[in-house]
Amino acid sequence: MKQLPGRTRPRWQQQLISGLVIGLGLVVMVALLPILLPIMLIAGLLAALALIPILRQLRSELEQLDQVQKTSAERIPTDVTPWQQKLWDQWKASLNRRS
């Protein structure tokens, strides 16, 4: 690719500036790591604790569904379409009804 006319910085100056930017970024990351790491660990712990009751309920629902399907002769069909796909389909259907 051709360079547009105009003044360009020398290569050593570009490398010096990029090195300073990378060095500054590393210094900022190292300075913020002791502050942010405990916060992120505590947030992860709280998220994991919040998921425990949700996963227990999901497990009990799956066990109930398994028991129902074992007792019935035929399998119960379940809609496994993701919620965003259902929303998208409803939106497209509403657009088709308007036109």
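Computed from a prediction, not measured in an experiment: that's the story for all the values here.

**What to know about the overall build of the chain**
When helices and strands are tallied, the chain shows two helices and zero strands. Its C-alpha atoms give the chain a radius of gyration of 29 Å, clearly above 13 Å, the size a compact globule of 99 residues would have. C-alpha atoms of the chain, sized along the principal axes, occupy 80 × 50 × 25 Å. Relative to its full complement of 99 residues, the chain shows a buried share of 2%. Total accessible area computed for the chain in this model is approximately 9800 Å², and 67% of it derives from carbon and sulfur atoms. Where the 12 positive side-chain charges of the chain centre and where its 6 negative ones centre are 25 Å apart.

**Examining helix H1 (residues 11–71)**
If you check H1, its first and last C-alpha atoms are just 76 Å apart, much less than what 61 residues at 1.5 Å a residue would give, namely 90 Å. Remark: the principal bend of H1, roughly 50 degrees, maps to leucine 33, with a proline, proline 34, within the next four residues.

**Section: the packing of aromatic side chains**
Evaluation of the coordinates by the stated rule reveals one aromatic pair. Between tryptophan 88 and tryptophan 91, the ring centres sit 5.2 Å apart and the planes meet at 40 degrees, which makes this aromatic pair tilted. Of the two residues, tryptophan 88 and tryptophan 91 both sit in helix H2 (residues 83–98), three residues apart, roughly one turn of that helix. Given the relative accessible area of 46%, tryptophan 91 is considered partly exposed.

**Details of the environment of threonine 8**
Here threonine 8 shows up in the segment before H1. A relative accessible area of 45% means that threonine 8 is categorised as partly exposed. Separated by 64 residues in sequence, threonine 8 and serine 72 place their C-alpha atoms 78 Å apart.

**What about the pattern of salt bridges?**
Under the definition given, this model contains two salt bridges. Ionic pairing is found between glutamate 63 and arginine 59, a salt bridge with its closest N-O pair at 3.3 Å. Of this pair, glutamate 63 and arginine 59 both sit in helix H1, four residues apart, which is roughly one turn of that helix. By relative accessible area, which is 43% here, glutamate 63 ends up partly exposed. Judged by its relative accessible area of 58%, arginine 59 falls in the exposed class. In this structure, the salt-bridge partner of aspartate 79 is lysine 86, at a minimum N-O distance of 3.5 Å. Residue class for lysine 86 comes out partly exposed when judged on its relative accessible area of 35%.

Rules used throughout
- Residues numbered from 1 in each chain as written.
- Predicted model: local features only at pLDDT ≥ 70, side-chain atom pairs only at ≥ 80, totals over all residues.
- Heavy atoms only, no water.
- Helix = DSSP H or I, 4+ residues; strand = E, 2+ residues; numbered from the N terminus.
- Rg over C-alpha atoms; globule rule 2.2 N^0.38 Å.
- Buried < 20%, exposed > 50% of the residue type's maximum accessible area, 1.4 Å probe, protein only.
- Areas by Shrake-Rupley, 256 points an atom, 1.4 Å probe, with all protein chains shown as cover.
- Lys, Arg positive; Asp, Glu negative; His and termini not counted.
- Charge placed at Lys NZ, Arg CZ, Asp CG, Glu CD.
- Expected span 1.5 Å × (residues − 1).
- Bend = angle between axes of the 7 residues up to and from the residue.
- Phe/Tyr/Trp six-rings, centres within 6.5 Å; stacked < 30°, edge-to-face > 60°.
- Salt bridge = Lys/Arg side-chain N within 4 Å of Asp/Glu carboxyl O.

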